[in-house]
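# A closer look at the structure
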Amino acid sequence: MQLELERALEDLQQGRHDAAETAMRRLLAATPGSAAGMEVLALALAAQGRVQDARDWLSRAAELQPDSLSVWMNLGNVCLEDADAAAAGTAFERARALGAEDVAWLLGYGLALLGQARFADANGCLATALAREPGAIDVRLAYAQSLAEMERFEELAACLAGVEEASLDHGERRALAWLLAQAGSDTAAQQLYRQLITEAPDAIEPRIQFALLLERLNRLDEAAEVLRGIDPRAEHGSSGMYELAMARVMRRQQQPQVAIQHAEQALLQEVAPAMQAQLQFELARNHDQLGQVDHAMQALASAHAAAVTAFEQRLPAGRMPPVLDWLQQRLLQAAPKAWAQALPDAPARPSDPVFLVGFPRSGTTLLERILDVHPDLDVLDERPALEVVIEQLRSTPTWRDDDLGAALDALSPAALAAARQRYWNEVRRHLSLQGRLVDKYPLTMTRLPYVARLFPQADWLLLLRHPCDCVLSCYMQAFGINGGALAFTSLESTARTYAAIMHWWHEQRDRVPARVHVLRYEDLVDDLPAVLSALMAFLALPAQEQQLSFANHASARARRINTPSYSQVVQPLNASAVGRWRSYRAHFSDETLAILAPWVVRYGYTLD
């Protein structure tokens, strides 16, 4: 019998799966209780794509030999192929109890955890596997998938940097294309999708994913063309991704009723919470476009509930972070006057940046696009360069968040120079600097003391918008799990977030030297030439005629716009979003309006 088993295993290794199956069926006919024969037969069946049969034989083998580590490992892998992550997890846990702890087990169990939406646990498991075997491409792609699920996109890009596409099989290349798109490696992702579609023109999933990427890049006609290559009668899977792609494209082609039908069709299926959130947000956008305010608000309530569930799936149990906890990092008294002096290394470095900030959805992306046209300015679009530096500073043993002023003041000239250099290194990962940097990251306004210490010659552009419009727009957006899943769950919570951030800004602004130019979104859309003239005078640069036709530049832009308003900034300037909140006023509670009223008055708006 042992000889027959060895020959069958050799047949498997040589790709003679049917021969291995025949041999094992013959062996089992003679010795029906051979668990080893059942296991090898299952491997032969699995190699032929007969996953359910393979699973049945492995389950029988496990009953006969419950202490066989290899049986449980193989059963776990077959359950993964059968898309039964829960059963796979159980099998891998039995293997662990029998001593499994190698990379193969870490990979299998990590994939089972991913399939069960236990993303933080999966990430830890797969990180260990990759550390042990960094050259294993299947491990690297699985770990990258866990990073994508947790929206750790900077780490995802770094993880994929070492992947050589030529060494991958077709399935791995499909996985890589989606991961590249998630990481923002748009050019590489597009090239790979075009190859995949050429190789397998009838494959549906790559087309859907490619269409989503093209829509995200504002290449709407191309996205629609890719989707037309999919037979609408075909089975599109149960993920909801096809319906989401269709809904987005239909909305942007001014067909909101058709878009609603697609989104509602997907929501009849059992889709993951993250996809539920995306679909419900898409429903809300279309209802809003049709002026169906109550339907939009119903969809938004469902969207935020699903988004919170998705957020909870991506954190370790009991590790929900406090909302806005970073606002505790603040100056307790006025910054030392010495902070305003130019740093010794300044002449050897680029000019200190311009920081473009404002509460989210205040119009910073619109202003960014206008500035990006100028030949003497380079815009960094929502990349956390400063956050990387701040985390580096806060990791030092003597750092104290509870006395930020003292911690910043204690930085030596060498430490300041190193922090500044780290910032510029991060910037150059995304931009080739030719002119002065405009760092657009709206909530950098809550990092004012850090900027004052590191970049004393920096300029600030603060964009304001009617607080009620800001709050409504934030509530209507899918910011992602790292960008507002907890802060924007209702109009009232969003209003409290607005008040907390603006209060923090004005308190710290009184304690920190800074050159700030304040603009209002409403003025920007009402009289762009006048606002632009004053703005460019503040920056000591001449205004350029092409800045007035910024939408043409945005439409032709090769890199993606990293903001929820990516589809709006390629449209000509219009005032359709001004006063939008009034249509939703009935949904603003008295408490919400009371929270915002002081800010409405302070910034010269009204609640009429």
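Data block above holds the structure.
Residues numbered from 1 in each chain as written. Predicted model: local features only at pLDDT ≥ 70, side-chain atom pairs only at ≥ 80, totals over all residues. Heavy atoms only, no water.

### Description of the overall build of the chain
Basically, it comes down to this: Strands are runs of DSSP state E lasting at least two residues, helices are runs of H or I lasting at least four, and both sets are numbered from the N terminus onward. Partly exposed describes any residue whose relative accessible area lies between the buried limit of under 20% and the exposed limit of over 50%, with all areas from a 1.4 Å probe on protein chains only and scaled to the type maximum. Any two residues having at least one pair of non-hydrogen atoms within 4.5 Å are treated as being in contact. The method behind every accessible area is Shrake-Rupley, applied with a 1.4 Å probe, and residues are considered shielded solely by the protein chains displayed. Asp and Glu count as negative and Lys and Arg as positive, but His and the ends of the chain are not part of the count. Charge placement uses NZ in Lys and CZ in Arg. For Asp and Glu, CG and CD serve respectively.
A count of helical and extended segments in the chain gives 29 helices and 5 strands. With the C-alpha coordinates of the chain rotated into their principal frame, the extents come out at 90 × 60 × 45 Å. Residue burial in the chain is summarised as follows: out of 608 residues, 52% are buried. Within the chain, contacts between residues separated by at least 24 positions form 69% of all contacts whose residues are at least 6 apart in sequence. A total of about 26500 Å² of accessible surface is found on the chain, and carbon and sulfur atoms cover 50% of it. Both charge centroids of the chain, one from 56 positive and one from 75 negative side chains, sit 5 Å from each other.

### Details of helix 29 (residues 590-602)
The test is simple: To estimate how far a helix should reach, multiply one less than its number of residues by 1.5 Å. The term bend refers to the angle at a residue between two fitted axes, each drawn through seven residues, those ending there and those starting there.
Here helix 29 contains 13 residues, and its C-alpha end-to-end distance of 19 Å stays within 8% of the 18 Å for a straight helix at 1.5 Å per residue. The sharpest bend along helix 29 reaches about 40° and sits at Leu 596, with the proline Pro 598 one to four residues further on. Following helix 29 by one or two positions, Gly 604 adopts a phi angle in the positive range, close to 80°.

### Quick word on the environment of Ala 211
Along the chain, Ala 211 falls in helix 13 (residues 204-216). The class for Ala 211 is buried, based on a relative accessible area of 1%. When the C-alpha positions of Ala 211 and Ala 575 are compared, they lie 30 Å apart, and in sequence the two are 364 residues distant. Residues within four places of Ala 211 in sequence aside, it is in contact with Ala 223, Val 226 and Leu 227.

### So, the sheet that holds strand 3 (residues 436-440)
Stated formally: Any two strands are treated as partners once DSSP identifies two or more bridges connecting them. Axis angles are defined between N-to-C directions and span 0 to 180 degrees, where every axis is a line fitted to C-alpha atoms and, for a helix, only to the segment in contact.
One open sheet holds the 5 strands; their spatial order is 2-3-1-4-5, and the pairing between them is parallel. On the outer flanks of this sheet lie strand 2 (377-381) and strand 5 (515-520), each paired with one strand and no other. For this sheet the average axis-to-axis angle between neighbouring strands, irrespective of direction, equals 20°. Alignment of strand 2 against strand 3, held across 5 bridges, turns out to be parallel. Residue pairing across strands places Leu 380 opposite Asp 439, the latter belonging to strand 3. Packing of helix 22 (residues 413-428) onto the sheet brings it into contact with strand 1 (354-357), strand 2 and strand 3, and relative to strand 3 it is tilted by some 85°.

### Re the packing of helix 5 (residues 69-81) against helix 7 (residues 103-115)
The test is simple: Less than a right angle of anticlockwise turn of the near helix away from the far helix marks a crossing as left-handed, whereas a clockwise turn marks it as right-handed. Each residue gets one of three labels, nonpolar for Ala, Val, Leu, Ile, Met, Phe, Trp, Tyr, Cys and Pro, charged for Asp, Glu, Lys and Arg, and polar for the others, Gly among them.
Viewed as axis vectors pointing N to C, helix 5 and helix 7 meet at an angle of 35°, and their least axial separation amounts to 10 Å. The chirality of how helix 5 crosses helix 7 is left-handed. Along the contact surface, helix 5 presents Met 73, Asn 77 and Leu 80, while helix 7 presents Ala 104, Trp 105, Gly 108, Leu 111 and Ala 112. Residues that form the contact of helix 5 with helix 7 fall into these classes: 6 nonpolar, 2 polar and no charged.

### Details of the packing of aromatic side chains
Stated formally: Any pair of Phe, Tyr and Trp rings, taking the six-membered ring for Trp, is counted once the centres come within 6.5 Å. Such a pair is stacked with planes under 30 degrees apart, edge-to-face with planes over 60 apart, and tilted for the rest.
If you walk through the whole model with that rule in mind, you get 15 aromatic pairs. Between Phe 359 and Tyr 498 the ring centres are 4.8 Å apart and the planes differ by 65°, which places this aromatic pair in the edge-to-face class. A residue pair is termed long-range when its members are at least 10 positions apart, and Phe 359 in the loop between strand 1 and helix 19 (364-372) and Tyr 498 in helix 25 (residues 491-509) qualify at 139 residues. Both residues of the pair, Phe 359 and Tyr 498, belong to the buried class. A network of ring pairs unites the aromatic residues Phe 355, Tyr 423, Trp 424, Phe 455, Trp 460 and Trp 505 as a single cluster.

### Details of the packing of helix 13 against helix 15 (residues 241-252)
When two helices pack together, their arrangement is given by the angle between the helix axes and by the axis-to-axis distance. It is the contact of helix 13 with helix 15, at a shortest axis distance of 9 Å, that shows an interaxial angle of 35°. Seen along the crossing, helix 13 lies across helix 15 with a hand that is left-handed. Residues Ile 208, Gln 209, Leu 212 and Glu 215 of helix 13 touch helix 15, and the partners they reach there are Met 241, Tyr 242, Leu 244, Ala 245, Arg 248, Val 249 and Arg 252. Grouping the amino acids of the contact of helix 13 with helix 15 by side-chain chemistry returns 7 nonpolar, 1 polar and 3 charged.

### Observations regarding the nonpolar core
This is how it is decided: Nonpolar core, defined: a set of buried Ala, Val, Leu, Ile, Met, Phe, Trp, Tyr and Cys residues in which side-chain atoms within 4.5 Å join the residues together.
Core analysis: the largest hydrophobic core is formed by 181 residues, its most contacted members being Leu 160, Tyr 423, Tyr 498, Met 502 and Phe 588. Aside from chain neighbours lying at most four places away, what touches Tyr 498 is Phe 359, Arg 465, Pro 467, Cys 470, Val 471, Leu 596, Trp 599 and Tyr 603. Of all hydrophobic cores here, the second largest spans 26 residues; its members include Leu 356, Leu 367, Leu 532 and Phe 538.

### A few points about helix 4 (residues 51-64)
Cut-off, in case you're wondering: The reported arc concerns the directions from the helix axis to the C-beta atoms and nothing else.
Between the first and last C-alpha of helix 4 there are 20 Å, a value that for 14 residues agrees with the 20 Å anticipated at 1.5 Å per step. Buried within helix 4 are the following residues: Val 51, Ala 54, Arg 55, Trp 57, Leu 58, Ala 61 and Ala 62. In a view along the axis of helix 4, the buried residues occupy a sector of 165°, so they form one face of it. At its buried positions, helix 4 is contacted by helix 2 (17-30), helix 3 (35-47), helix 5 and helix 6 (85-97).

### Section: the pattern of salt bridges
What counts here: Throughout this description, the term salt bridge denotes a Lys or Arg side-chain nitrogen within 4 Å of a carboxyl oxygen of Asp or Glu.
For the structure on display, the rule yields 40 salt bridges. Where Arg 314 meets Glu 149, a salt bridge forms, and the shortest distance between an N and an O atom there is 2.7 Å. Residue Arg 314 is found in the loop between helix 18 (293-313) and strand 1, and its partner Glu 149 is found in helix 9 (residues 137-149); the two are separated by 165 residues along the sequence. Using a relative accessible area of 25% as the deciding quantity, one classes Glu 149 as partly exposed. Where salt bridges share partners, they join Glu 368, Arg 369, Asp 372, Asp 381, Glu 382 and Lys 440 into one cluster.

### So, the side chain of His 506
Keep this limit in mind: Think of a polar contact as two N or O atoms within 3.5 Å of one another; within protein, one of them needs to be a possible hydrogen donor and the other a possible acceptor, and neighboring residues in sequence only count if both atoms come from side chains.
Secondary-structure assignment places His 506 in helix 25. Side-chain polar atoms of His 506 contact the side chain of Arg 602, separated by 3.1 Å. Of the polar contacts made by the side chain of His 506, one reaches the side chain of Tyr 603; its length is 2.7 Å. Those residues in contact with His 506 that sit more than four places away from it in its chain are Trp 599, Arg 602 and Tyr 603.

### Considerations on unusual backbone geometry
A positive phi angle, close to 50°, is found at Glu 382, a residue other than glycine. Tracing the sequence through the fold places Glu 382 in the loop between strand 2 and helix 20 (385-394). The exposure class of Glu 382 is partly exposed, given its relative accessible area of 24%. A positive phi angle is found at Ala 540, which is not glycine, with a value near 60°. Mapping Ala 540 onto the fold places it in the loop between helix 27 (528-538) and helix 28 (550-555). The class for Ala 540 is exposed, based on a relative accessible area of 65%.

No statement about biological role is implied by the geometric values presented.
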